[in-house]
Amino acid sequence: MTGGHGGMGKAICKELGKTSAIVLAGRNPAKLETAKAELDELGVESDLCKTDIADRAQVQALADYAASLGSVKQIIHTSGVSPSDTGTENIIKINAVGAVNMVEAFYPVLAGDGVMINFASVAAYTMPQTDEWTEAFEAWNEPDFYDRLLALAGEPEDEEGEFFRAGLAYAMSKKFVIYFTQKNVVRFAQKHCRILSISPGCYLTPMHQKLIDNQPETAENQLELIPAGRWGHPCEMGALTAFLCSSGAGYVNGVDILAAGGQNAGIFVPQI
Ligand SMILES: NC(=O)c1ccc[n+]([C@@H]2O[C@H](COP(=O)([O-])OP(=O)(O)OC[C@H]3O[C@@H](n4cnc5c(N)ncnc54)[C@H](OP(=O)(O)O)[C@@H]3O)[C@@H](O)[C@H]2O)c1
């Protein structure tokens, strides 16, 4: 589980921890320890592994560590950053390159009947995937993959321009997560495993709280676009993820699950 100490990650750990031991991976040891203490109190067995998902060698070490502990049945990759956290370069490195690192390192160790779930975003639906983007996405295994995505985000600008550049990079990186997940469905199925992605809408987590705090007007506008009329609760994401990992969802494969309170349909489909 990457980002297991994050808003949605922790809620997912609480659900999956009812039946499985969990390896919590993240780059901040203090936050990992805090999350572990919380899970200990709930009786959830967990191990920690300091990992920066943007670093291929560290992700490989995480996969090796998880495999050394037992059968790896579920890989939940929630780690990610948004323009509220950081800039364009990190967004591409962590969200897009990080997704490649996770899939490549964990594909060999995922046990039969296992499932991998990668976290994308409703933001991925806000922009069409151009031919240029697809061409860059297809270079996922090339040494210049990161540079290609960075070039598509455009040149660095002034502060306001930079925020929009980071927003574009975020949407592109999450579109890549969906694309790359679906690009792996046949090879995962060959080992009787599933791979899918979840695109959350706006969930009340530390990531979204930063947006509410720093850009209250943007947050208010977002809320108006959500037919459900409220933010998502991390515990709803916990329950959804647990269902998608279960045998009841055994035929749900190679898709993106958009869990956004109706946001997308409300915006893009003329409403009655
Ligand atoms: N919240 C929303 O409304 C929303 C909407 C759409 C999509 N999403 C996506 O859903 C996922 C979970 O979001 P969340 O709201 O739960 O966010 P969150 O609370 O900010 O958690 C994100 C987690 O990712 C970790 N992380 C960031 N960079 C990392 C790196 N290089 N290596 C390892 N871990 C790293 C963070 O750890 P640190 O504390 O070390 O930074 C944190 O634990 C993210 O991928 C996000 O993009 C969220």
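The model shown is predicted, which means the values in this text are computed figures rather than measured ones.

1. Quick notes on helix α2 (residues 29-41)
At step 1: The terminal C-alpha atoms of α2, which comprises 13 residues, lie 19 Å apart, in line with the 18 Å expected from a rise of 1.5 Å per residue.
At step 2: Residues of α2 that are buried: Leu32, Ala35 and Leu39. Down the axis of α2, the buried set is contained in an arc of 65 degrees. They therefore lie on one face. Exposed and oriented more than 90 degrees from the buried face of α2 are Ala30, Thr34 and Glu41.

2. Describing the sheet that holds strand β3 (residues 72-77)
At step 1: Spatially, four strands are ordered β3-β4-β5-β6 in an open sheet, and the strand pairing comes out parallel. Both edges of this open sheet fall to β3 and β6 (256-259), since each of them pairs with a single strand only. Strand-to-strand twist across the sheet, computed as the mean angle between neighbouring axes with direction ignored, equals 15 degrees.
At step 2: Pairing analysis gives five bridges linking β3 to strand β4 (residues 110-119), with the strands arranged parallel. The residue bridging His77 from the neighbouring strand is Asn118, located in β4.
At step 3: The sheet contacts of helix α7 (residues 159-183) involve β4, β5 (194-200) and β6, and relative to β5 the element is tilted by about 160 degrees.
At step 4: Each of β3, β4, β5 and β6 is contacted by helix α11 (residues 234-245), which is oriented at about 165 degrees to β5, the strand it contacts most.

3. A short note on the pattern of salt bridges
At step 1: Enumeration according to the criterion identifies eleven salt bridges in this entry.
At step 2: Across the pair Arg148 and Asp144 runs a salt bridge, and its minimum N-O distance is 3.4 Å.
At step 3: By relative accessible area, Asp144 is classed as partly exposed at 32%.
At step 4: In this structure, Arg165 engages Glu162 in a salt bridge whose closest nitrogen and oxygen atoms are separated by 2.9 Å. Of this pair, Arg165 and Glu162 both sit in helix α7, three residues apart, which is roughly one turn of the helix.
At step 5: Linked through salt bridges whose partners overlap, the residues forming this network are Lys10, Lys14 and Glu38.

4. Some points on the site of the ligand
At step 1: In the vicinity of the ligand lie 29 residues, with Arg27, Lys31, Thr78, Gly201 and Thr205 positioned nearest.
At step 2: Between the ligand and Arg27, the relevant distance is 2.7 Å, taken from an oxygen atom to a side-chain nitrogen or oxygen of the residue.
At step 3: Between Ile53 and the ligand, the recorded distance is 3.0 Å, taken from a backbone N or O atom to a nitrogen atom.
At step 4: Protein contact buries 93% of the 880 Å² of open area that the ligand shows by itself.
At step 5: Of all elements in the fold, only α1 (7-16), α7 and α9 (206-214) reach the threshold of two or more residues within the shell around the ligand.
At step 6: Sort the elements by how many residues they give to the shell around the ligand and α9 lands first, with three residues.
At step 7: The residue inventory of the shell around the ligand, partitioned by class, reads twelve nonpolar, 13 polar and four charged.

Cut-offs and rules
Residues numbered from 1 in each chain as written. Predicted model: local features only at pLDDT ≥ 70, side-chain atom pairs only at ≥ 80, totals over all residues. Heavy atoms only, no water. Helix = DSSP H or I, 4+ residues; strand = E, 2+ residues; numbered from the N terminus. Expected span 1.5 Å × (residues − 1). Buried < 20%, exposed > 50% of the residue type's maximum accessible area, 1.4 Å probe, protein only. Arc of directions from axis to C-beta. Pairing = 2+ DSSP bridges. Axes fitted to C-alpha atoms, helices over the stretch in contact; angles between N-to-C directions. Contact = heavy atoms within 4.5 Å. Salt bridge = Lys/Arg side-chain N within 4 Å of Asp/Glu carboxyl O. Near = heavy atom within 4 Å. Polar contact = N/O pair within 3.5 Å; in protein donor to acceptor, adjacent residues only side chain to side chain. Areas by Shrake-Rupley, 256 points an atom, 1.4 Å probe, with all protein chains shown as cover. Nonpolar A, V, L, I, M, F, W, Y, C, P; charged D, E, K, R; others polar.

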